[in-house]
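Chain by chain, the residues run as shown.
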Amino acid sequence: MALACRWKSITLPMADSPDHRDDAGYGAGTLGVRGAEARTPWREHSPAIFATSSFCFTSAEQAAEIFAEREAGYVYSRFSNPTVEAFEKRLAAMEGAEAGIGTASGMSAILTLCMALLSKGDHVVASRTLFGSTISLFDGILSRFGLHFSYVDPCDLDAWRNAVTSRTRMLFVESPSNPLCEIVDIPAVAQIARDADARLVVDNCFLTPVFQQPMALGAHLVMHSATKYLDGQGRCVGGAIVGDAETVAGTLFRFMRTCGPSMSPFNAWTFLKGLETLQVRMEGHEARARQVAEALDGHPQVRHVYYPGLSSHPQHTLAQRQQRGFGGIVSFDLADQATAWRFINRLQLASITANLGDTRTTVTHPASTTHMRIGPEARARAGIGDGLVRLAIGLEDAADLVDDIRAALKA
Ligand SMILES: *Cc1c(COP(=O)(O)O)cnc(C)c1O
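Residues numbered from 1 in each chain as written. Predicted model: local features only at pLDDT ≥ 70, side-chain atom pairs only at ≥ 80, totals over all residues. Heavy atoms only, no water.

Student: Looking at this structure, I do not really get the overall build of the protein. What am I missing?
Tutor: On a plain count of helices and strands, the protein comes out with 16 helices and 12 strands. Taking 22 Å as the expected radius of gyration for a compact globule of 411 residues, we find that the protein reaches 22 Å, a close match to that expectation. C-alpha atoms of the protein, sized along the principal axes, occupy 75 × 50 × 35 Å. Taking all 411 residues of the protein together, the buried fraction comes to 56%. Within the protein, contacts between residues separated by at least 24 positions form 74% of all contacts whose residues are at least 6 apart in sequence. Charge centroids of the protein, computed over 38 positive and 43 negative side chains, lie 4 Å from each other. (Helix = DSSP H or I, 4+ residues; strand = E, 2+ residues; numbered from the N terminus. Rg over C-alpha atoms; globule rule 2.2 N^0.38 Å. Buried < 20%, exposed > 50% of the residue type's maximum accessible area, 1.4 Å probe, protein only. Contact = heavy atoms within 4.5 Å. Lys, Arg positive; Asp, Glu negative; His and termini not counted. Charge placed at Lys NZ, Arg CZ, Asp CG, Glu CD.)

Here is the structure:
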């Protein structure tokens, strides 16, 4: 019972402990390893997992104080948990944001953004090249609740300006986009959002804060599928949103408390450990992706390569300006679906799976998988052809990956 008594008297010195360093000024790599480091009185080095659904109060009086928000304290893991909070604070620090909130998945992060920040009649302008489920969420579900969505060519600033109406409250972009790696001019679109009194949300899944910090470029909010590079080994599904404290710790937190698309402490711990290796992994993915893109570029079987690191990429200069790296996703066009499927089936060092951002290289045929549900018209609009293949380059040896790809391309 000594243990129980001891815990009762403890106020955990989590991320806001008095001996906590001032993390301001550190780079994303350092923050990934050390940001929002928190330790309980047990002095553990690796962060603890708080696998608990609720937290105890020392008295009825304290319960009333914490419920009334007169005293700070954890209540219930639907909306507050020290492990989830450690992940939220570390990611927010890496993104240069005031606050963060973890969600059950990347999709529930987008759902949270729309449900918490928009009302019936509001309008969203989005890039037409988005993750397939994002388009399905907008058109198939949220449109039934009185929200309106327009899609524009993400690279055409006039198209963004012209699509904005008096009811536009949110602009939503992925940059680089999935799967074609189109680059959106984030500062310019952020200005269009500000002029319209709307918020710019950036899905920063492909680059992570290691290669791009959309908040520093003017974005209002950044969302992640933590499932991808933040985890980095294909273990857990999760998501996150970072931004200003009023929106994230205020409006989004209240939505989370009531609606509960929450991140589990186990998953938060996995993502927290993922952030520690994020910088070296991203650099490793990119180094290999460049070599793969160069090997594909000019190959007789390959019609077009989509990789922002190639000088032939139409937004190569823009990518250099607003990104610190080009990322690990390489897409390319083969002649048709049969050729694409044959190539995919011949690869030895790529898993045929929908995930990306894994240590293991993954390959997908977007038209028949991730972008199947949006239909042929939307696919044509987004430029996703039947011969398109997307590689998410892992951390195998670059020479082995290139050899494997060359062998699979042999007619
Ligand atoms: C995977 C993904 C999502 C959705 O995230 P989940 O964690 O699968 O729900 C959103 N945006 C992009 C760019 C993605 O790749």
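Student: When you look at the nonpolar core in this model, what are you seeing that I'm missing?
Tutor: Of all hydrophobic cores here, the largest spans 32 residues; its most connected members are Phe87, Leu91, Leu230, Leu275, Leu278 and Ile329. Elements supplying a minimum of two residues to this core: α4 (82-95), α9 (208-211), β7 (239-243), α11 (265-276) and α12 (278-296). No other element matches α4, which puts 6 residues into this core. Ignoring anything within four residues of it in the chain, the contact list for Ile329 reads Cys181, Phe206, Tyr229, Tyr306, Tyr307, Leu356, Arg390, Leu391 and Ala392. (Core = buried A, V, L, I, M, F, W, Y, C linked by side-chain atoms within 4.5 Å.)

Student: Just to check I follow, could you spell out the site of the ligand for this structure?
Tutor: Looking at the ligand, the residues that line it are Ser105, Gly106, Met107, Phe131, Glu174, Asp203, Cys205, Ser225, Thr227, Lys228 and Gly238. Met107 places a main-chain nitrogen or oxygen 2.9 Å from an oxygen atom of the ligand. Within the contact set of the ligand, an oxygen atom lies 2.8 Å away from a side-chain nitrogen or oxygen of Ser225. Burial of the ligand by the protein amounts to 92% of the accessible area it has alone, namely 380 Å². Residues of the shell around the ligand, tallied by class, amount to 3 nonpolar, 5 polar and 3 charged. (Near = heavy atom within 4 Å. Polar contact = N/O pair within 3.5 Å; in protein donor to acceptor, adjacent residues only side chain to side chain. Areas by Shrake-Rupley, 256 points an atom, 1.4 Å probe, with all protein chains shown as cover. Nonpolar A, V, L, I, M, F, W, Y, C, P; charged D, E, K, R; others polar.)

Student: Any chance you could explain the packing of α4 against α11 here in plain terms?
Tutor: Helix-helix packing: each pair is described by the crossing angle between the helix axes and the interaxial distance. One can describe the packing of α4 onto α11 by two numbers: an axis separation of 8 Å at closest approach and a directional angle of 35°. As α4 runs across α11, the sense of the crossing is left-handed. Here Thr83, Val84, Ala86, Phe87, Arg90, Leu91 and Met94 of α4 lie close against α11, whose contacting residues are Pro265, Ala268, Trp269, Phe271, Leu272, Leu275 and Glu276. (Axes fitted to C-alpha atoms, helices over the stretch in contact; angles between N-to-C directions. Left-handed = near helix turned anticlockwise from the far one by under 90°.)

Student: Sorry, what's going on with the confidence of the model for the protein here?
Tutor: Looking at the protein, pLDDT values average 93 and 95% of them are 70 or higher. In the model, residues 1-13 has pLDDT below 50 throughout and makes 13 contacts with residues more than four positions away in sequence or in other chains. (pLDDT = per-residue confidence, 0-100.)

Student: Where do I start with helix α10 (residues 245-259) in this structure?
Tutor: Helical geometry note: an α-helix holds 3.6 residues per turn, so side chains three or four residues apart project in the same direction. The end-to-end C-alpha separation of α10 is 19 Å, in line with the 21 Å expected for 15 residues at 1.5 Å each. A bend of about 35° at Phe253 is the largest found in α10. What α10 keeps buried is the set Thr247, Val248, Gly250, Leu252, Phe255 and Met256. The inward-facing, buried residues of α10 abut β1 (99-103), α5 (106-117), β5 (199-203), β6 (221-225) and β7. Backbone geometry just downstream of α10 places Gly260 in the positive-phi region, at approximately 75°. (Expected span 1.5 Å × (residues − 1). Bend = angle between axes of the 7 residues up to and from the residue.)

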